Amino acid sequence: MILLQSKLLFSYLDISAYNDYPFLRETEKFLKKLFEEMIFENKYPQLKIYGSCFGMQIFFSALGVKIEKNSFLQNTPVLLNLTDKFWDAKFVKNSGIEKKSMVIYEWHGDVVTSFCDEKYGMNLVGSSEKCQHEIYIDSKEKILMIEGH
């Protein structure tokens, strides 16, 4: 499993997925190639990718999705609106999590502000009042991206 973690280290450097740094563009190239090989060429069948916060943002930026500064920046509880696709995902069913409301605390400096293109097979399965693009799962359930933390 590849974990694309939050930007704890980067927060000290004030780095966002949309900054124009060569190492970010190289990371995006790597992620896009890896994604295309996994999803379109069926390479690496055992590999799964999980991205949280900055991990989701740099992953989606690699796929051409827009990332912007968040106008709502505070540590606050939010209610997640989860779709049936989320509850029907194998990993959710196997986890024993009951189908009910979920609340998370989140504090975002940046957010995903546009939908991931459907050609990539990514399904929006969670949103909130403060963040429209909270959780995505790909159609093969190999990729999980979560904005909230």
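Residues numbered from 1 in each chain as written. Predicted model: local features only at pLDDT ≥ 70, side-chain atom pairs only at ≥ 80, totals over all residues. Heavy atoms only, no water.

Colleague: Would you mind showing me how to read the layout of surface pockets here?
Modeller: Which parts of space are left empty comes out when a probe the size of a water molecule is rolled across the atoms. Here the second largest pocket is characterised by a volume of approximately 190 Å³. Around the second largest pocket, the lining is made up of 13 residues, and of these Lys48, Phe91, Glu141, Lys142 and Leu144 lie nearest the centre. Those elements that place two or more of their residues in the lining of the second largest pocket are strand 2 (49-52), helix 5 (90-95) and strand 9 (143-146). If you tally residues by element for the lining of the second largest pocket, the top one is helix 5, at three residues. Counted by class, the lining of the second largest pocket contains seven nonpolar, one polar and five charged residues. (1 Å grid on protein atoms, 1.4 Å probe; cavity = no way out; pocket = protein on both sides within 12 Å on 5 of 7 lines; lining within 4 Å. Points joined across faces, edges and corners; volume = space filled by probe spheres on them. Helix = DSSP H or I, 4+ residues; strand = E, 2+ residues; numbered from the N terminus. Nonpolar A, V, L, I, M, F, W, Y, C, P; charged D, E, K, R; others polar.)

Colleague: Where do I start with the environment of Asp138 in this structure?
Modeller: Following the sequence through the fold, Asp138 ends up in strand 8 (residues 135-138). Given the relative accessible area of 2%, Asp138 is considered buried. In this structure the C-alpha to C-alpha distance between Asp138 and Glu118, which are 20 residues apart in sequence, comes to 9.9 Å. The residues contacting Asp138, other than those within four sequence positions of it, are Ile39, Gly121, Met122, Asn123 and Ile143. From its side chain, Asp138 meets the backbone nitrogen of Lys140 in a polar contact 3.1 Å long. A polar contact is formed between the side chain of Asp138 and the backbone nitrogen of Ile143, at a distance of 2.5 Å. (Buried < 20%, exposed > 50% of the residue type's maximum accessible area, 1.4 Å probe, protein only. Contact = heavy atoms within 4.5 Å. Polar contact = N/O pair within 3.5 Å; in protein donor to acceptor, adjacent residues only side chain to side chain.)

Colleague: Where do I start with the nonpolar core in this structure?
Modeller: Proteins that are soluble and globular tend to have nonpolar side chains buried together. Counting residues in each nonpolar core, the largest one holds 26 residues, and the members touching the most others are Phe35, Phe59, Phe60, Cys116, Met122, Ile143 and Met145. Secondary structure elements with two or more residues in this core: helix 2 (22-39), helix 3 (54-62) and strand 9. Contact partners of Met122, with chain neighbours within four places excluded, come to Phe35, Phe60, Cys116, Tyr136, Ile137, Asp138, Ile143 and Met145. Core analysis: the next-biggest nonpolar cluster, separate from the first, contains 11 residues, Leu82, Val92, Val125 and Ile146 among them. (Core = buried A, V, L, I, M, F, W, Y, C linked by side-chain atoms within 4.5 Å.)

Colleague: What exactly am I supposed to notice about helix 3 here?
Modeller: Three- or four-residue spacings in an α-helix give side chains the same orientation, since the helix completes a turn every 3.6 residues. Most of helix 3 sits inside the fold, with nine of its nine residues counted as buried. Of the residues making up helix 3, those classed as buried are Phe54, Gly55, Met56, Gln57, Ile58, Phe59, Phe60, Ser61 and Ala62. Gly64, located one to two residues past helix 3, shows a positive phi value of around 90°.

Colleague: Sorry, what's going on with the pattern of salt bridges here?
Modeller: With the rule as written, the count across this model stands at eight salt bridges. Where Glu129 meets Lys130, a salt bridge forms, and the shortest distance between an N and an O atom there is 3.4 Å. On the accessibility criterion, Glu129 (71% relative accessible area) is exposed. For Lys130, a relative accessible area of 33% corresponds to the partly exposed category. (Salt bridge = Lys/Arg side-chain N within 4 Å of Asp/Glu carboxyl O.)

Colleague: I keep staring at the pairing of strand 7 (residues 122-127) and nothing clicks. Help me out?
Modeller: In the case of a regular strand, side chains alternate between the two sheet surfaces. Two elements, strand 4 (residues 76-82) and strand 7, share two bridges in a ladder whose sense is antiparallel. Across the sheet, the residue bridging to Leu82 is Gly126, located in strand 7. Judged from the four bridges that link them, strand 7 and strand 8 form a sheet pairing that is antiparallel. Bridging across to strand 8, Met122 finds its partner in Asp138. (Pairing = 2+ DSSP bridges.)

Honestly, that's just the spatial picture; any functional story needs more than this.
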